[in-house]
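Chains, contacts and geometry: an overview
Each chain, letter by letter, is given below.
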Amino acid sequence: MRPSPPRIEIVIPYYGDPGYLLAAVDSVRAQTCSQWTLLVVDDGYPDPTVRQALQDDPDPRIRYVRNERNLGVAGNFERCRQLASADVVTFLGSDDTLLPGYADRVLSDLEAFPGAAMVQPGVEVVDESGLPVRPLADRVKRALSPSVRRPTELSGERLAVGLLHGDWLYWPALAFRTEHLKRFAFRADLQVGLDLAIVLDMIVAGESLVVDPAPVFRYRRHAHSASSRAIPGGSRFVEDRRFFAQTAAAMQAHGWPRASRAARWRATSRLHALSLVPAALRAADTATLRDLVVHAVSP
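The notes below deal with the structure included here. (Residues numbered from 1 in each chain as written. Predicted model: local features only at pLDDT ≥ 70, side-chain atom pairs only at ≥ 80, totals over all residues. Heavy atoms only, no water.)

Tallying secondary structure elements over the protein chain gives 14 helices and 9 strands in all. The C-alpha radius of gyration of the protein chain comes to 19 Å, within 12% of the 19 Å expected for a compact globule of 299 residues. Seen through its principal axes, the protein chain has C-alpha atoms that stretch 60 × 45 × 35 Å. The burial tally for the protein chain puts 50% of its 299 residues in the buried class. Of the charged side chains in the protein chain, 36 are positive and 34 negative, and the gap between their average positions amounts to 6 Å. (Helix = DSSP H or I, 4+ residues; strand = E, 2+ residues; numbered from the N terminus. Rg over C-alpha atoms; globule rule 2.2 N^0.38 Å. Buried < 20%, exposed > 50% of the residue type's maximum accessible area, 1.4 Å probe, protein only. Lys, Arg positive; Asp, Glu negative; His and termini not counted. Charge placed at Lys NZ, Arg CZ, Asp CG, Glu CD.)

In this section: the nonpolar core. Note on soluble globular proteins: their nonpolar side chains tend to be buried together. Ranked by size, the top nonpolar core spans 44 residues in total, and within it Trp171, Phe176, Val199 and Ile203 carry the most contacts. At the level of secondary structure, the elements contributing two or more residues to this core comprise β2 (36-42), α3 (72-83), β4 (88-91), α6 (156-165), α8 (194-204), β9 (209-220), α10 (235-254) and α11 (257-265). Here this core gets 8 residues from one element, more than from any other, and that element is α8. What Val199 contacts, discounting residues up to four positions off in sequence, is Met118, Leu163, Leu169, Trp171, Leu174 and Phe176. Judged by nonpolar contacts, the second largest core, of 36 residues, contains Ile12, Tyr102, Val106 and Ala175. (Core = buried A, V, L, I, M, F, W, Y, C linked by side-chain atoms within 4.5 Å. Contact = heavy atoms within 4.5 Å.)

Residues Val88 and Thr90 of β4 are buried on one face, and the alternating residues Val89 and Phe91, pointing to the opposite face, are buried as well. Relative to β4, strand β1 (residues 8-14) runs parallel, the two sharing 4 bridges. Within β4, the residue paired with Glu9 across the bridge is Val89. As defined by bridge partners, β4 adjoins strand β8 (residues 175-177) across 3 bridges and the pair is classed as antiparallel. Paired with Val89 across the strands is Phe176, a residue of β8. (Pairing = 2+ DSSP bridges.)

Here Thr288 is to be found in helix α14 (residues 286-297). On the basis of relative accessible area, Thr288 is assigned to the buried category, the value being 10%. Once the C-alpha coordinates of Thr288 and Glu157 are considered, the two residues, 131 residues apart in sequence, prove to be 34 Å apart.

Working note: α-helix, 3.6 residues per turn, so residues spaced by three or four point in the same direction. Of the residues making up α11, those classed as buried are Ala259, Ser260, Ala262 and Ala263. In a view along the axis of α11, the buried residues occupy a sector of 160 degrees, so they form one face of it. (Arc of directions from axis to C-beta.)

In contact at an axis separation of 8 Å, helix α12 (residues 267-275) and α14 are set at 150 degrees when each is read in the N-to-C sense. In terms of orientation, α12 and α14 fall into the roughly antiparallel class. Viewed along their axes, α12 and α14 form a crossing whose handedness is left-handed. Counting all contacts with α12, which are made through Ser269, Arg270, Ala273 and Leu274, the residues of α14 involved are Leu292, His295, Ala296 and Val297. (Axes fitted to C-alpha atoms, helices over the stretch in contact; angles between N-to-C directions. Parallel < 35°, antiparallel > 145°, perpendicular 65-115°, else oblique. Left-handed = near helix turned anticlockwise from the far one by under 90°.)

Okay, here's the thing in structure tokens:
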């Protein structure tokens, strides 16, 4: 008897624009691979549009769940991780979309690399309207990411060092073997860095990542994303400093001194803060300016 083909579950931690969410759902329906299920976990968004559209969807592959109370970013991500049940899981952003070949591609990569726990496929970046863009953040990611022409498996301290110099991953595009991901948990004390934190936990534990340059995902850059909302007032960088200090200590204790140094340097995080200084100066926002400068120069 032939084993059944692996199934992929697309989980969407939802809180935001209903139009973007429904476009994300349509992109799942459009997959060339039929071995998918979709779970939308609504963290209490007040607009009823998504609930009305999905709770009675006739497609048995689509499931809608609404949290009894708002769990916040970290809490909802953790609930999604706990609910994941298929062989492979992707945490699709509610404002991002899959290209039709996404599921086929990541399942093929995991079949080709049976020891790998996760896949980072190629990504196209678009703006609010879905038009291609290349803002500074994504040009930096492109420069820092491994230059590969075919799917390539990476692991160990070298991978951790690269990610700590600058996080070149696109979290919503990552696909995970669910049984591997179930061994870890999202940190409740992080709002922006919780994705990098869990990936680093997996790498330290010996898990590997496949990088596939084939673009099968569309990542949306816009001013209302969780990471963008965390920047005003410098709250994102307060979290960054704490996260990198803790990670440096953890990497040193694990016997990875180069990764520890990369975490202490937090080079691209410092540069990111510096890149926002002109805007803070123009706005005469002294509180934010002080926080940006502190983040950029503090040891």
